[in-house]
Amino acid sequence: MSNIIPIHFLPQQAMPPIADGFGRKIGYLRISVVDRCNLRCTYCRPNGDDFHAVEREQLLTFEEIERVVRMATQLGVEKIRLTGGEPLVRKGLVDAIARIAAVPGIRDLALSTNAVLLDKFARPLREAGLHRVNISLDSLNPQIFEQLTGGRLSEVLAGIHAAQDAGFTPIRINAVLMRGINDHEAASLIDWSIREQLELRFIELMPMREGMDWQRQYYPISELLARADIIDRLEINTSERQGSSAARYMPVRAKHQQSSHEQSLRENESAPRRPPGKVGFIEPMSNHFCESCNRLRLMSDGKLRPCLSADHEIDLRATLRDGSSDEDLLGLIRLATTQKQEASTYTFESTGRQRSMISIGG
Ligand code: SAM
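Residues numbered from 1 in each chain as written. Predicted model: local features only at pLDDT ≥ 70, side-chain atom pairs only at ≥ 80, totals over all residues. Heavy atoms only, no water.

*Asks:* Residues and numbers for the environment of Val103, please.
*Replies:* The topology assignment puts Val103 in the loop between α2 (93–101) and β3 (108–113). Val103 sits 37 residues away from Glu66 along the chain, and the two C-alpha atoms are 8.0 Å apart. Those residues in contact with Val103, other than ones at most four positions away along the chain, are Glu66, Val69, Arg70 and Thr73. (Helix = DSSP H or I, 4+ residues; strand = E, 2+ residues; numbered from the N terminus. Contact = heavy atoms within 4.5 Å.)

Here you go:
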């Protein structure tokens, strides 16, 4: 009799992370659960007819996603982020969170959302075992927000407050900077984030799809950090990156922490929490962080993408559906790891990728 024990009978213990060809340990799987969204952000999805959402029968089921998560933990993945499209538009997400949270070896379970539906879901998500939320918000001006997304700012703000009330902390706000659209709001976003005790991160626009007017709208972080209104607020000479984080952070100057905090106390005397006091910068175009990248990306159609910036993908769906063994699946995940590129292929001449961000998930 063979003395080889099938992998699913082995003790459920996270193995040491596998490394890619460049010595980077892979510990983080981002999973897009759906490529539909309840917002229409101009820079995120292709124009009208160019966008074909994944057909229902081609979407990975939550059972299939859970199986991939179990396999990934066998290879050392400890951190999962669910994204989309908008993950909260997919039915059953709260139950899926509970299932993934229960997978042994998962130490960090996060969600990226536009927060439109968070008012309703924040508490159930927290109770289901979600650890953290990242919320995308590019403008605090209701008109600009509507032009950019087709949505209502008030719904997003209600979602953020629901996440605070549900006890998520820290709550991260991701704002994509765009020239002539929201670059003038950077300082007010910082002040608001301090008052609201949110961890704000600015992200450089990426050339994700054809015809998005990327060159004109791209606003480098270096330009932001040269501005008097930002230098006045941040200690721009002190930046630090933690572990494999995509962001480097700068502390908020003490005078701004105090004034914003005092204002928040005046506005809401019952919530004197300590301000986080830092702002993050994610620079995929001008100062990429590939050397510390520890991610793989699974998309809602079952394709596993080793790198955000490259269109190369490995199909897991067929293997998930044809009765293949867990070993086969593990082999494909390992293969994706070995196929990570050394560095991003985005250039300033890039015009777009086969997939838009709505499909990859960020
Ligand atoms: N719907 C969720 C959300 O809003 O966070 C998750 C998916 S969304 C595609 C993930 C993130 O990608 C958002 O923060 C969005 O702003 C960002 N994003 C989309 N297109 C981008 C681009 N061209 N450059 C930079 N970030 C982009």
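Let us keep going from here.
*Asks:* Can you tell me about the pairing of strand β5 (residues 171–177), naming the residues and giving the values?
*Replies:* In terms of burial, β5 is largely enclosed, as 7 of its 7 residues are buried. Both strand β4 (residues 132–136) and β5 contribute to a ladder of 4 bridges, which runs parallel. Each residue of the ladder has a partner; that of Val133, found in β5, is Ile171. Relative to strand β6 (residues 199–204), β5 runs parallel, the two being bridged by 6 bridges. Bridge pairing in β6 places Ile173 opposite Leu200. (Buried < 20%, exposed > 50% of the residue type's maximum accessible area, 1.4 Å probe, protein only. Pairing = 2+ DSSP bridges.)

*Asks:* Go over the site of the ligand, please, and point to the residues and values.
*Replies:* Near the ligand you find 18 residues, and of these Tyr43, Gly85, Glu86, Ser136 and Met206 are the closest. Between the ligand and Thr113 there is a distance of 3.5 Å, counted from an oxygen atom to a backbone nitrogen or oxygen. One nitrogen or oxygen atom from the side chain of Ser136 is found 2.6 Å from an oxygen atom belonging to the ligand. In isolation the ligand exposes 550 Å². Once the protein is present, 93% of that is buried. (Near = heavy atom within 4 Å. Polar contact = N/O pair within 3.5 Å; in protein donor to acceptor, adjacent residues only side chain to side chain. Areas by Shrake-Rupley, 256 points an atom, 1.4 Å probe, with all protein chains shown as cover.)

*Asks:* If you had to explain the packing of aromatic side chains to someone new, which residues and values would you point to?
*Replies:* Evaluation of the coordinates by the stated rule reveals 2 aromatic pairs. Aromatic side chains Trp214 and Tyr218 sit 4.8 Å apart centroid to centroid with 25° between the ring planes, which places their arrangement in the stacked category. Using a relative accessible area of 9% as the deciding quantity, one classes Tyr218 as buried. (Phe/Tyr/Trp six-rings, centres within 6.5 Å; stacked < 30°, edge-to-face > 60°.)

*Asks:* Account for the nonpolar core, with residues named and values stated.
*Replies:* If you look at the biggest cluster of nonpolar residues, it comprises 106 residues, and the most contacted ones within it are Leu29, Ile80, Leu125, Phe202 and Leu316. With sequence-adjacent residues up to four places away left out, Ile80 is seen in contact with Tyr28, Leu29, Ile31, Val69, Ile100, Ile106, Asp108, Leu109 and Ala110. (Core = buried A, V, L, I, M, F, W, Y, C linked by side-chain atoms within 4.5 Å.)

*Asks:* Could you give an account of the packing of α2 against helix α3 (residues 118–128), naming the residues involved and the relevant values?
*Replies:* Two numbers describe how α2 lies on α3: the axes approach to 8 Å, and their chain directions differ by 20°. In terms of axis orientation, α2 runs roughly parallel to α3. Here α2 runs over α3; the crossing is right-handed. Residues Leu93, Val94, Ile97, Ala98 and Ala101 of α2 form the contact with α3, whose participating residues are Phe121, Pro124, Leu125 and Ala128. (Axes fitted to C-alpha atoms, helices over the stretch in contact; angles between N-to-C directions. Parallel < 35°, antiparallel > 145°, perpendicular 65-115°, else oblique. Left-handed = near helix turned anticlockwise from the far one by under 90°.)

*Asks:* Describe the sheet that holds β3, listing the residues and the values that go with them.
*Replies:* Taken in spatial order, the 12 strands of this open sheet run β7-β8-β9-β6-β5-β4-β3-β2-β1-β10-β11-β12, and their pairing is mixed. Two strands close off the open sheet at either side, each with one partner strand: β7 (240–241) and β12 (314–315).

*Asks:* Please give an account of unusual backbone geometry that cites residues and values.
*Replies:* With an omega of -5°, the peptide bond between Thr169 and Pro170 qualifies as cis. With respect to the helices, strands and loops of the structure, Pro170 is situated in the loop between α5 (153–165) and β5. Despite not being glycine, Ala115 shows a phi value in the positive range, around 75°. Mapping Ala115 onto the fold places it in the loop between β3 and α3. Backbone geometry places Gln197, a non-glycine residue, at a positive phi of 60°. For Gln197, the location among the structural elements is in the loop between α6 (186–196) and β6. A relative accessible area of 14% means that Gln197 is categorised as buried.

Functional significance is not addressed by these values, which are geometric in nature.
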